[in-house]
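Geometric and topological summary
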2 protein chains.
Amino acid sequence: MNTQSIINNLSRYITLTAEEEALYLSKVRFRKFQKGQFIVQQGDICTHESYVIAGCLKTYHIDENGNERIVMFSVEDWWTSDLGSFLTQKPSAFNVQCLETCELAQLSYHDQNELYQLIPKLEHFSRIAIQKAYIAAYERLVYNFSLPAKERYLEFKKRYPNLDQRVPQYQIASYLGITPEFFSKIRSQLIHEQ
Amino acid sequence: MNTQSIINNLSRYITLTAEEEALYLSKVRFRKFQKGQFIVQQGDICTHESYVIAGCLKTYHIDENGNERIVMFSVEDWWTSDLGSFLTQKPSAFNVQCLETCELAQLSYHDQNELYQLIPKLEHFSRIAIQKAYIAAYERLVYNFSLPAKERYLEFKKRYPNLDQRVPQYQIASYLGITPEFFSKIRSQLIHEQ
DNA sequence: CGTCTATTTGAATGTACTCAAAAGCGGTGG
DNA sequence: CCACCGCTTTTGAGTACATTCAAATAGACG
(Lines give C-alpha, C1' and ligand atoms only; values in the text may rest on other atoms or scores of the structure.)
Protein backbone atom coordinates (compact mmCIF):
# COMPACT_ATOMS: atom_id res chain seq x y z
CA MET A 1 0.00 0.00 0.00
CA ASN A 2 1.19 3.51 -0.81
CA THR A 3 2.60 5.05 2.37
CA GLN A 4 4.07 7.99 0.52
CA SER A 5 0.84 9.82 -0.32
CA ILE A 6 0.13 10.76 3.30
CA ILE A 7 3.66 12.16 3.66
CA ASN A 8 3.12 14.16 0.48
CA ASN A 9 -0.06 15.48 2.04
CA LEU A 10 1.80 16.63 5.17
CA SER A 11 4.48 18.24 3.05
CA ARG A 12 1.95 20.72 1.70
CA TYR A 13 2.47 22.81 4.81
CA ILE A 14 5.41 21.34 6.76
CA THR A 15 8.66 19.51 6.07
CA LEU A 16 9.52 16.47 8.16
CA THR A 17 13.01 15.05 8.67
CA ALA A 18 13.56 11.40 7.83
CA GLU A 19 13.36 10.52 11.54
CA GLU A 20 10.13 12.43 11.97
CA GLU A 21 8.62 10.75 8.92
CA ALA A 22 9.53 7.35 10.32
CA LEU A 23 8.07 8.26 13.71
CA TYR A 24 4.89 9.53 12.10
CA LEU A 25 4.46 6.47 9.92
CA SER A 26 5.10 4.18 12.90
CA LYS A 27 1.93 5.59 14.49
CA VAL A 28 -0.21 5.33 11.37
CA ARG A 29 -2.33 2.27 10.77
CA PHE A 30 -2.78 1.45 7.10
CA ARG A 31 -6.00 -0.38 6.63
CA LYS A 32 -8.35 -1.58 3.92
CA PHE A 33 -12.15 -1.35 4.24
CA GLN A 34 -14.81 -2.98 2.11
CA LYS A 35 -17.69 -1.10 0.52
CA GLY A 36 -20.38 -0.57 3.15
CA GLN A 37 -18.07 -0.70 6.16
CA PHE A 38 -18.30 2.05 8.76
CA ILE A 39 -15.34 4.16 9.88
CA VAL A 40 -17.51 6.00 12.41
CA GLN A 41 -21.04 5.21 13.57
CA GLN A 42 -23.50 7.74 14.92
CA GLY A 43 -23.47 7.37 18.72
CA ASP A 44 -19.97 5.89 18.89
CA ILE A 45 -16.92 7.87 19.88
CA CYS A 46 -14.72 8.65 16.91
CA THR A 47 -11.31 7.20 17.73
CA HIS A 48 -9.35 7.93 14.55
CA GLU A 49 -8.73 10.50 11.90
CA SER A 50 -8.46 8.89 8.49
CA TYR A 51 -6.54 9.96 5.42
CA VAL A 52 -7.99 8.56 2.19
CA ILE A 53 -5.35 6.84 0.05
CA ALA A 54 -7.91 5.29 -2.28
CA GLY A 55 -11.69 5.04 -2.44
CA CYS A 56 -14.62 7.20 -1.50
CA LEU A 57 -16.64 7.69 1.70
CA LYS A 58 -19.73 9.57 2.82
CA THR A 59 -20.32 11.39 6.10
CA TYR A 60 -24.00 11.58 6.99
CA HIS A 61 -26.42 12.23 9.78
CA ILE A 62 -29.71 10.44 10.46
CA ASP A 63 -32.23 12.95 11.79
CA GLU A 64 -35.21 12.36 14.13
CA ASN A 65 -37.44 11.48 11.17
CA GLY A 66 -35.01 8.85 9.94
CA ASN A 67 -33.82 10.88 6.97
CA GLU A 68 -30.24 10.53 5.82
CA ARG A 69 -28.42 13.83 5.26
CA ILE A 70 -25.04 13.52 3.55
CA VAL A 71 -22.85 16.40 4.66
CA MET A 72 -19.60 15.43 2.97
CA PHE A 73 -18.03 13.05 0.55
CA SER A 74 -14.35 12.17 1.04
CA VAL A 75 -12.14 11.05 -1.81
CA GLU A 76 -8.44 10.44 -2.48
CA ASP A 77 -6.08 12.79 -0.62
CA TRP A 78 -8.78 14.00 1.82
CA TRP A 79 -8.88 13.64 5.59
CA THR A 80 -12.10 12.39 7.14
CA SER A 81 -13.57 11.70 10.59
CA ASP A 82 -16.19 13.24 12.81
CA LEU A 83 -13.99 16.01 14.15
CA GLY A 84 -16.59 17.00 16.73
CA SER A 85 -16.56 13.56 18.27
CA PHE A 86 -12.82 13.00 17.75
CA LEU A 87 -11.86 16.21 19.53
CA THR A 88 -14.26 16.05 22.42
CA GLN A 89 -14.22 12.23 22.62
CA LYS A 90 -17.99 12.33 22.90
CA PRO A 91 -20.56 10.29 20.90
CA SER A 92 -20.65 11.10 17.22
CA ALA A 93 -23.55 12.81 15.44
CA PHE A 94 -22.42 11.38 12.11
CA ASN A 95 -21.78 8.14 10.29
CA VAL A 96 -18.79 7.76 8.02
CA GLN A 97 -19.22 4.88 5.62
CA CYS A 98 -17.26 3.51 2.66
CA LEU A 99 -18.99 3.83 -0.72
CA GLU A 100 -16.24 1.81 -2.37
CA THR A 101 -13.38 -0.39 -1.23
CA CYS A 102 -11.14 2.08 0.61
CA GLU A 103 -7.51 2.28 1.63
CA LEU A 104 -7.12 4.53 4.65
CA ALA A 105 -4.24 5.76 6.77
CA GLN A 106 -5.55 6.12 10.31
CA LEU A 107 -4.21 8.00 13.29
CA SER A 108 -5.71 7.50 16.75
CA TYR A 109 -6.63 10.32 19.11
CA HIS A 110 -3.97 9.19 21.56
CA ASP A 111 -1.21 8.82 18.98
CA GLN A 112 -2.06 12.12 17.35
CA ASN A 113 -1.72 13.98 20.63
CA GLU A 114 1.54 12.18 21.31
CA LEU A 115 2.80 13.23 17.88
CA TYR A 116 1.81 16.85 18.58
CA GLN A 117 4.14 16.69 21.60
CA LEU A 118 6.99 14.99 19.76
CA ILE A 119 6.70 16.96 16.50
CA PRO A 120 5.23 20.39 17.36
CA LYS A 121 5.07 21.51 13.75
CA LEU A 122 2.30 18.97 13.24
CA GLU A 123 0.18 21.35 15.30
CA HIS A 124 0.93 23.96 12.63
CA PHE A 125 -0.06 21.52 9.89
CA SER A 126 -3.34 20.73 11.60
CA ARG A 127 -4.13 24.37 12.17
CA ILE A 128 -3.64 25.22 8.49
CA ALA A 129 -5.52 22.14 7.32
CA ILE A 130 -8.48 22.75 9.59
CA GLN A 131 -8.62 26.41 8.66
CA LYS A 132 -8.94 25.41 5.01
CA ALA A 133 -11.71 23.00 5.90
CA TYR A 134 -13.46 25.72 7.88
CA ILE A 135 -13.27 28.13 4.96
CA ALA A 136 -14.70 25.48 2.65
CA ALA A 137 -17.54 24.81 5.09
CA TYR A 138 -18.47 28.49 5.15
CA GLU A 139 -18.27 28.71 1.39
CA ARG A 140 -20.79 25.89 1.27
CA LEU A 141 -23.05 27.63 3.76
CA VAL A 142 -23.13 30.67 1.46
CA TYR A 143 -23.81 28.58 -1.65
CA ASN A 144 -26.58 26.66 0.00
CA PHE A 145 -28.34 29.82 1.02
CA SER A 146 -27.85 31.87 -2.09
CA LEU A 147 -28.39 29.27 -4.75
CA PRO A 148 -31.31 27.14 -5.94
CA ALA A 149 -30.83 23.39 -6.22
CA LYS A 150 -29.72 23.44 -9.86
CA GLU A 151 -26.86 25.82 -9.11
CA ARG A 152 -25.88 23.87 -6.01
CA TYR A 153 -25.55 20.81 -8.21
CA LEU A 154 -23.21 22.69 -10.53
CA GLU A 155 -21.15 23.75 -7.48
CA PHE A 156 -21.06 20.13 -6.36
CA LYS A 157 -19.64 19.11 -9.72
CA LYS A 158 -16.90 21.73 -9.41
CA ARG A 159 -16.00 20.66 -5.89
CA TYR A 160 -16.06 16.94 -6.63
CA PRO A 161 -14.96 16.41 -10.24
CA ASN A 162 -16.20 13.08 -11.67
CA LEU A 163 -17.83 12.06 -8.41
CA ASP A 164 -21.31 12.02 -9.94
CA GLN A 165 -20.06 9.08 -12.00
CA ARG A 166 -18.97 7.21 -8.86
CA VAL A 167 -21.91 7.80 -6.54
CA PRO A 168 -25.62 6.92 -6.98
CA GLN A 169 -27.89 9.86 -7.76
CA TYR A 170 -30.00 9.59 -4.64
CA GLN A 171 -26.90 10.15 -2.53
CA ILE A 172 -25.98 13.28 -4.44
CA ALA A 173 -29.57 14.45 -3.91
CA SER A 174 -29.10 13.93 -0.18
CA TYR A 175 -25.87 15.95 -0.28
CA LEU A 176 -27.68 18.74 -2.15
CA GLY A 177 -30.53 18.71 0.37
CA ILE A 178 -33.23 17.73 -2.12
CA THR A 179 -35.29 14.62 -2.90
CA PRO A 180 -34.08 12.06 -5.46
CA GLU A 181 -37.20 12.75 -7.55
CA PHE A 182 -36.52 16.44 -7.73
CA PHE A 183 -32.86 15.83 -8.47
CA SER A 184 -33.84 13.62 -11.38
CA LYS A 185 -35.99 16.44 -12.75
CA ILE A 186 -33.12 18.92 -12.43
CA ARG A 187 -30.81 16.60 -14.33
CA SER A 188 -33.27 16.13 -17.19
CA GLN A 189 -33.69 19.93 -17.32
CA LEU A 190 -29.93 20.39 -17.60
CA ILE A 191 -29.73 17.81 -20.39
CA HIS A 192 -32.52 19.43 -22.39
CA GLU A 193 -31.12 22.93 -21.88
CA GLN A 194 -28.04 22.27 -23.94
CA MET B 1 -10.89 49.30 28.00
CA ASN B 2 -10.94 45.74 29.36
CA THR B 3 -7.72 44.02 28.26
CA GLN B 4 -8.33 41.04 30.51
CA SER B 5 -11.20 39.44 28.62
CA ILE B 6 -9.01 38.44 25.67
CA ILE B 7 -6.52 36.81 28.04
CA ASN B 8 -9.38 34.94 29.68
CA ASN B 9 -10.38 33.78 26.23
CA LEU B 10 -6.88 32.42 25.53
CA SER B 11 -6.81 30.72 28.92
CA ARG B 12 -9.63 28.44 27.83
CA TYR B 13 -7.10 26.22 26.11
CA ILE B 14 -3.60 27.46 27.06
CA THR B 15 -1.87 29.10 30.02
CA LEU B 16 0.45 32.01 29.36
CA THR B 17 3.22 33.20 31.68
CA ALA B 18 3.18 36.84 32.75
CA GLU B 19 5.88 37.62 30.18
CA GLU B 20 3.96 35.90 27.40
CA GLU B 21 0.80 37.76 28.35
CA ALA B 22 2.65 41.06 28.18
CA LEU B 23 4.18 40.14 24.83
CA TYR B 24 0.81 39.09 23.46
CA LEU B 25 -0.93 42.25 24.65
CA SER B 26 1.87 44.41 23.23
CA LYS B 27 0.89 43.15 19.76
CA VAL B 28 -2.84 43.61 20.22
CA ARG B 29 -4.50 46.81 19.08
CA PHE B 30 -7.50 47.77 21.19
CA ARG B 31 -9.85 49.80 19.14
CA LYS B 32 -13.34 51.23 19.20
CA PHE B 33 -15.61 51.21 16.13
CA GLN B 34 -18.86 53.05 15.58
CA LYS B 35 -22.07 51.41 14.41
CA GLY B 36 -21.89 50.98 10.64
CA GLN B 37 -18.10 50.87 10.38
CA PHE B 38 -16.49 48.05 8.42
CA ILE B 39 -13.83 45.74 9.86
CA VAL B 40 -13.47 43.96 6.52
CA GLN B 41 -14.88 44.94 3.12
CA GLN B 42 -15.63 42.50 0.32
CA GLY B 43 -12.73 42.74 -2.15
CA ASP B 44 -10.22 44.00 0.40
CA ILE B 45 -7.60 41.82 1.99
CA CYS B 46 -8.44 40.99 5.58
CA THR B 47 -5.48 42.21 7.63
CA HIS B 48 -6.62 41.47 11.18
CA GLU B 49 -8.36 38.95 13.34
CA SER B 50 -10.65 40.64 15.83
CA TYR B 51 -11.75 39.55 19.27
CA VAL B 52 -15.05 41.14 20.36
CA ILE B 53 -14.81 42.76 23.80
CA ALA B 54 -18.15 44.54 23.45
CA GLY B 55 -20.73 45.03 20.72
CA CYS B 56 -22.10 43.02 17.83
CA LEU B 57 -21.05 42.55 14.20
CA LYS B 58 -22.36 40.83 11.10
CA THR B 59 -20.40 38.94 8.45
CA TYR B 60 -22.18 38.95 5.10
CA HIS B 61 -21.72 38.36 1.41
CA ILE B 62 -23.22 40.34 -1.46
CA ASP B 63 -24.03 37.96 -4.31
CA GLU B 64 -24.20 38.63 -8.07
CA ASN B 65 -27.83 39.75 -7.77
CA GLY B 66 -26.99 42.26 -5.07
CA ASN B 67 -28.59 40.26 -2.28
CA GLU B 68 -27.08 40.43 1.18
CA ARG B 69 -26.51 37.06 2.84
CA ILE B 70 -25.56 37.19 6.51
CA VAL B 71 -23.46 34.15 7.36
CA MET B 72 -22.52 34.96 10.95
CA PHE B 73 -23.17 37.33 13.80
CA SER B 74 -20.33 37.97 16.24
CA VAL B 75 -20.95 39.05 19.82
CA GLU B 76 -18.97 39.44 23.03
CA ASP B 77 -16.17 36.89 23.53
CA TRP B 78 -16.18 35.78 19.87
CA TRP B 79 -13.41 36.02 17.31
CA THR B 80 -14.28 37.41 13.90
CA SER B 81 -12.61 38.08 10.54
CA ASP B 82 -12.76 36.63 7.06
CA LEU B 83 -10.48 33.70 7.77
CA GLY B 84 -10.29 32.79 4.09
CA SER B 85 -8.90 36.17 3.17
CA PHE B 86 -6.83 36.52 6.34
CA LEU B 87 -5.05 33.21 5.81
CA THR B 88 -4.43 33.43 2.11
CA GLN B 89 -4.04 37.22 2.11
CA LYS B 90 -6.31 37.35 -0.92
CA PRO B 91 -9.37 39.59 -1.48
CA SER B 92 -12.24 38.89 0.87
CA ALA B 93 -15.60 37.42 -0.18
CA PHE B 94 -17.25 38.89 2.90
CA ASN B 95 -18.02 42.14 4.65
CA VAL B 96 -17.73 42.41 8.41
CA GLN B 97 -19.62 45.40 9.75
CA CYS B 98 -20.48 46.74 13.21
CA LEU B 99 -24.17 46.62 14.12
CA GLU B 100 -23.47 48.52 17.33
CA THR B 101 -20.59 50.49 18.77
CA CYS B 102 -17.90 47.85 19.18
CA GLU B 103 -14.75 47.39 21.23
CA LEU B 104 -12.37 45.04 19.49
CA ALA B 105 -8.95 43.57 20.22
CA GLN B 106 -7.19 43.19 16.88
CA LEU B 107 -4.19 41.12 15.88
CA SER B 108 -2.55 41.63 12.48
CA TYR B 109 -1.54 38.80 10.17
CA HIS B 110 2.10 39.69 10.56
CA ASP B 111 1.99 39.97 14.35
CA GLN B 112 0.01 36.79 14.71
CA ASN B 113 2.58 34.82 12.75
CA GLU B 114 5.35 36.39 14.80
CA LEU B 115 3.54 35.36 17.97
CA TYR B 116 3.18 31.80 16.68
CA GLN B 117 6.99 31.73 16.44
CA LEU B 118 7.58 33.31 19.85
CA ILE B 119 4.82 31.45 21.72
CA PRO B 120 4.30 28.11 19.97
CA LYS B 121 1.42 27.10 22.22
CA LEU B 122 -0.64 29.81 20.51
CA GLU B 123 -0.63 27.50 17.52
CA HIS B 124 -2.31 24.94 19.77
CA PHE B 125 -4.86 27.51 20.90
CA SER B 126 -5.70 28.45 17.32
CA ARG B 127 -6.01 24.84 16.27
CA ILE B 128 -8.50 24.07 19.03
CA ALA B 129 -10.44 27.29 18.49
CA ILE B 130 -10.72 26.81 14.76
CA GLN B 131 -11.72 23.18 15.17
CA LYS B 132 -14.60 24.30 17.37
CA ALA B 133 -15.63 26.84 14.75
CA TYR B 134 -15.44 24.16 12.07
CA ILE B 135 -17.65 21.84 14.08
CA ALA B 136 -20.18 24.64 14.59
CA ALA B 137 -20.18 25.39 10.86
CA TYR B 138 -20.97 21.77 10.06
CA GLU B 139 -23.68 21.66 12.66
CA ARG B 140 -25.25 24.64 10.94
CA LEU B 141 -24.98 22.94 7.56
CA VAL B 142 -26.95 20.01 8.93
CA TYR B 143 -29.60 22.23 10.52
CA ASN B 144 -30.05 24.27 7.39
CA PHE B 145 -30.68 21.19 5.34
CA SER B 146 -32.85 19.22 7.70
CA LEU B 147 -35.02 21.96 9.12
CA PRO B 148 -37.70 24.28 7.75
CA ALA B 149 -37.35 28.01 8.38
CA LYS B 150 -39.35 28.02 11.61
CA GLU B 151 -37.06 25.46 13.22
CA ARG B 152 -33.96 27.24 11.94
CA TYR B 153 -35.20 30.34 13.72
CA LEU B 154 -35.51 28.40 16.97
CA GLU B 155 -31.95 27.13 16.47
CA PHE B 156 -30.79 30.68 15.88
CA LYS B 157 -32.33 31.73 19.19
CA LYS B 158 -30.48 28.95 20.99
CA ARG B 159 -27.16 29.82 19.37
CA TYR B 160 -27.52 33.57 19.89
CA PRO B 161 -29.46 34.15 23.11
CA ASN B 162 -31.14 37.57 23.21
CA LEU B 163 -29.70 38.58 19.86
CA ASP B 164 -33.13 38.90 18.26
CA GLN B 165 -33.65 41.83 20.62
CA ARG B 166 -30.45 43.53 19.43
CA VAL B 167 -30.68 43.02 15.67
CA PRO B 168 -33.40 44.16 13.19
CA GLN B 169 -35.66 41.39 11.92
CA TYR B 170 -34.71 41.69 8.28
CA GLN B 171 -31.12 40.86 9.21
CA ILE B 172 -32.16 37.75 11.09
CA ALA B 173 -34.19 36.80 8.01
CA SER B 174 -31.04 37.16 5.92
CA TYR B 175 -29.13 34.94 8.36
CA LEU B 176 -31.91 32.33 8.17
CA GLY B 177 -31.88 32.44 4.37
CA ILE B 178 -35.47 33.67 3.99
CA THR B 179 -37.21 36.93 3.04
CA PRO B 180 -38.17 39.49 5.71
CA GLU B 181 -41.83 39.07 4.73
CA PHE B 182 -41.77 35.34 5.29
CA PHE B 183 -39.88 35.76 8.54
CA SER B 184 -42.57 38.14 9.75
CA LYS B 185 -45.20 35.49 8.97
CA ILE B 186 -43.24 32.84 10.87
CA ARG B 187 -42.99 35.09 13.91
CA SER B 188 -46.71 35.80 13.95
CA GLN B 189 -47.35 32.04 13.64
CA LEU B 190 -45.10 31.37 16.64
CA ILE B 191 -46.90 34.02 18.69
CA HIS B 192 -50.35 32.65 17.87
CA GLU B 193 -49.27 29.06 18.51
CA GLN B 194 -48.76 29.57 22.21
C1' DC C 1 -45.85 66.48 12.98
C1' DG C 2 -43.71 64.60 8.97
C1' DT C 3 -40.28 61.60 6.99
C1' DC C 4 -37.78 57.59 6.60
C1' DT C 5 -37.23 52.92 7.48
C1' DA C 6 -38.88 48.50 9.32
C1' DT C 7 -42.62 45.37 9.76
C1' DT C 8 -47.00 43.36 8.56
C1' DT C 9 -50.56 41.63 5.50
C1' DG C 10 -52.42 39.74 1.21
C1' DA C 11 -52.62 37.78 -3.53
C1' DA C 12 -50.32 35.46 -7.13
C1' DT C 13 -46.37 32.67 -8.35
C1' DG C 14 -42.54 29.43 -8.14
C1' DT C 15 -39.65 26.05 -6.15
C1' DA C 16 -39.35 21.84 -4.10
C1' DC C 17 -41.90 17.89 -1.73
C1' DT C 18 -45.01 13.75 -1.23
C1' DC C 19 -47.07 9.94 -2.99
C1' DA C 20 -47.84 6.71 -6.55
C1' DA C 21 -46.62 4.30 -10.43
C1' DA C 22 -43.82 3.13 -14.35
C1' DA C 23 -39.47 2.37 -16.52
C1' DG C 24 -34.52 1.12 -16.41
C1' DC C 25 -30.70 -1.70 -14.94
C1' DG C 26 -27.72 -5.18 -12.78
C1' DG C 27 -27.22 -9.45 -10.99
C1' DT C 28 -28.74 -14.36 -10.19
C1' DG C 29 -30.64 -18.69 -11.11
C1' DG C 30 -33.06 -21.79 -14.04
C1' DC D 1 -29.68 -16.88 -22.69
C1' DC D 2 -33.51 -15.13 -20.72
C1' DA D 3 -36.75 -14.26 -16.87
C1' DC D 4 -37.17 -12.51 -12.61
C1' DC D 5 -35.98 -9.86 -8.52
C1' DG D 6 -34.51 -5.84 -6.12
C1' DC D 7 -32.98 -1.41 -6.35
C1' DT D 8 -32.41 3.13 -8.74
C1' DT D 9 -34.20 6.51 -11.69
C1' DT D 10 -37.90 8.75 -14.12
C1' DT D 11 -42.46 10.78 -14.73
C1' DG D 12 -46.78 12.89 -13.23
C1' DA D 13 -50.42 14.91 -10.24
C1' DG D 14 -51.46 17.30 -6.24
C1' DT D 15 -49.66 19.94 -2.28
C1' DA D 16 -46.77 22.73 0.90
C1' DC D 17 -43.29 25.95 1.81
C1' DA D 18 -41.30 30.14 0.58
C1' DT D 19 -40.93 34.14 -2.81
C1' DT D 20 -42.28 38.33 -5.31
C1' DC D 21 -44.70 42.36 -5.66
C1' DA D 22 -47.73 45.76 -3.83
C1' DA D 23 -49.77 48.21 -0.32
C1' DA D 24 -50.87 49.25 4.44
C1' DT D 25 -49.27 49.89 9.13
C1' DA D 26 -46.04 50.76 12.77
C1' DG D 27 -41.83 52.87 14.91
C1' DA D 28 -37.87 55.90 15.32
C1' DC D 29 -36.01 60.28 14.96
C1' DG D 30 -35.47 65.05 14.00
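Throughout what follows, the structure given in this document is the object of discussion. (Residues numbered from 1 in each chain as written. Chains lettered and ligands numbered in written order. Predicted model: local features only at pLDDT ≥ 70, side-chain atom pairs only at ≥ 80, totals over all residues.)

Next up on the list: the interface of chain B and chain A. By a frequent convention, interface size equals the accessible area lost on bringing the separate parts together. With 26 residues of chain B at the interface, the matching set in chain A holds 26 residues. Contributions of two or more residues to the side of chain B that touches chain A are made by strand E5 (68-74), helix H3 (83-88) and helix H5 (121-146) of chain B. The element that contributes the greatest number of residues to the side of chain B that touches chain A is H5 of chain B, accounting for 17 residues. Looking at the side of chain B that touches chain A residue by residue, the classes come out as 13 nonpolar, eight polar and five charged. (Contact = placed C-beta atoms within 7 Å. Helix = DSSP H or I, 4+ residues; strand = E, 2+ residues; numbered from the N terminus. Nonpolar A, V, L, I, M, F, W, Y, C, P; charged D, E, K, R; others polar.)

All names here are of chain A. Spatial ordering of the open sheet is given by E1-E8-E3-E6, a layout of four strands whose pairing is antiparallel. This sheet does not close on itself; its edge strands, each paired only once, are strand E1 (29-33) and strand E6 (79-80). For strand E3 (residues 48-54) and strand E8 (residues 102-108), the ladder comprises six bridges, and the chain directions are antiparallel. Residue Ser-50 lies in a different strand from E8, and its bridge partner there is Gln-106. (Pairing = 2+ DSSP bridges.)

Let's shift gears to the protein's contact with DNA strand C. Looking at DNA strand C, there are 15 residues lining it, with Pro-148, Ile-178 and Phe-182 of chain A together with Gln-169 and Ser-184 of chain B nearest. Elements with a minimum of two residues in the surface near DNA strand C: helix H9 (180-193) of chain A together with helix H8 (169-176) and helix H9 (180-193) of chain B. At six residues, H9 of chain B tops the list of elements feeding residues into the surface near DNA strand C. When grouped by side-chain class, the residues that make up the surface near DNA strand C number seven nonpolar, four polar and four charged. (Near = placed C-beta within 6 Å.)

Remember that side chains alternate between the two faces of the sheet whenever the strand is regular. Residue and element names in this part refer to chain A. Most of strand E5 (residues 68-74) sits inside the fold, with five of its seven residues counted as buried. The sheet contact formed by strand E4 (residues 57-62) and E5 spans six bridges and is antiparallel. For Lys-58, the partnering residue across the bridge sits in E5 and is Phe-73. (Buried ≥ 20, exposed ≤ 12 C-beta atoms within 10 Å, placed from the backbone.)

Rotating chain B by 180 degrees and moving it 0.0 Å along the rotation axis overlays it on chain A with an RMSD of 0.0 Å. On this basis, the relationship between the two copies can be described by a two-fold rotation axis. In this assembly, 100% of the residues forming the interface of chain B have copies in chain A that are likewise at the interface, indicating an isologous arrangement. (Least-squares fit on C-alpha atoms with pLDDT ≥ 70 in both.)

Structurally, Gly-84 of chain A is set in helix H3 (residues 83-88). Under the C-beta neighbour-count criterion, Gly-84 of chain A is labelled buried, with 20 such atoms within 10 Å. Expressed as a C-alpha distance, the spacing of Gly-84 of chain A and Phe-94 of chain A, which sit 10 residues apart in the sequence, is 9.3 Å. Setting aside its immediate chain neighbours within four residues, Gly-84 of chain A contacts Ala-93 of chain A together with Ile-135 of chain B.

Here we come to the protein's contact with DNA strand D. Looking at DNA strand D, there are 15 residues lining it, with Gln-169 and Ser-184 of chain A together with Pro-148, Ile-178 and Phe-182 of chain B nearest. Among the elements that take part in the surface near DNA strand D, H9 of chain A stands out by supplying six residues, more than any other. Looking at the surface near DNA strand D residue by residue, the classes come out as seven nonpolar, four polar and four charged.

All names here are of chain B. Counting buried positions over the eight residues of H8 gives six, a clear majority of the element. For H8, the full list of buried residues reads Gln-171, Ile-172, Ala-173, Ser-174, Tyr-175 and Leu-176. The secondary structure elements touched by the buried residues of H8 are strand E4 (57-62), E5, helix H6 (149-159), helix H7 (163-166) and H9. Where H8 terminates, the next one or two residues include Gly-177, which has phi positive at roughly 80 degrees.

So, about unusual backbone geometry. The general pattern is negative phi for most residues beyond glycine and trans for most peptide bonds. The backbone of Gln-89 of chain A sits at a positive phi, close to 55 degrees, despite the residue not being glycine. Here Gln-89 of chain A is to be found in the loop between H3 and strand E7 (95-98).

On to the sheet that holds strand E2 (residues 38-40) of chain B. Neighbouring strands of a sheet are bound in pairs by backbone hydrogen bonds; such pairs are parallel or else antiparallel. The sheet built from four strands is open, its strands ordered E2-E7-E4-E5 (chain B) with antiparallel pairing. Of all strands in the sheet, those with a lone pairing partner are E2 and E5 of chain B, marking the two edges. Taking each pair of neighbouring strands and ignoring which way they run, the sheet shows an average axis angle of 30 degrees. Contacts between helix H5 (residues 121-146) of chain A and the sheet are confined to E4 and E5 of chain B, with E5 of chain B contributing the most and set at about 140 degrees to the helix. (Axes fitted to C-alpha atoms, helices over the stretch in contact; angles between N-to-C directions.)

Turning our eyes to something else, we now look at the environment of Phe-86 of chain B. Mapped onto the secondary structure, Phe-86 of chain B falls in helix H3. What makes Phe-86 of chain B buried here is the crowd of 22 C-beta atoms within 10 Å.

To continue, consider the nonpolar core. Counting residues in hydrophobic clusters, the biggest one holds 77 residues, and the most contacted among them are Tyr-134 of chain A together with Tyr-134 of chain B. Broken down by element, the residue count for this core peaks at six residues, all from H5 of chain B. Beyond its immediate stretch of four places on either side in the chain, Tyr-134 of chain B contacts Leu-83, Ile-130, Ala-133, Tyr-134 and Ala-137 of chain A. (Core = buried A, V, L, I, M, F, W, Y, C linked by C-beta atoms within 7 Å.)

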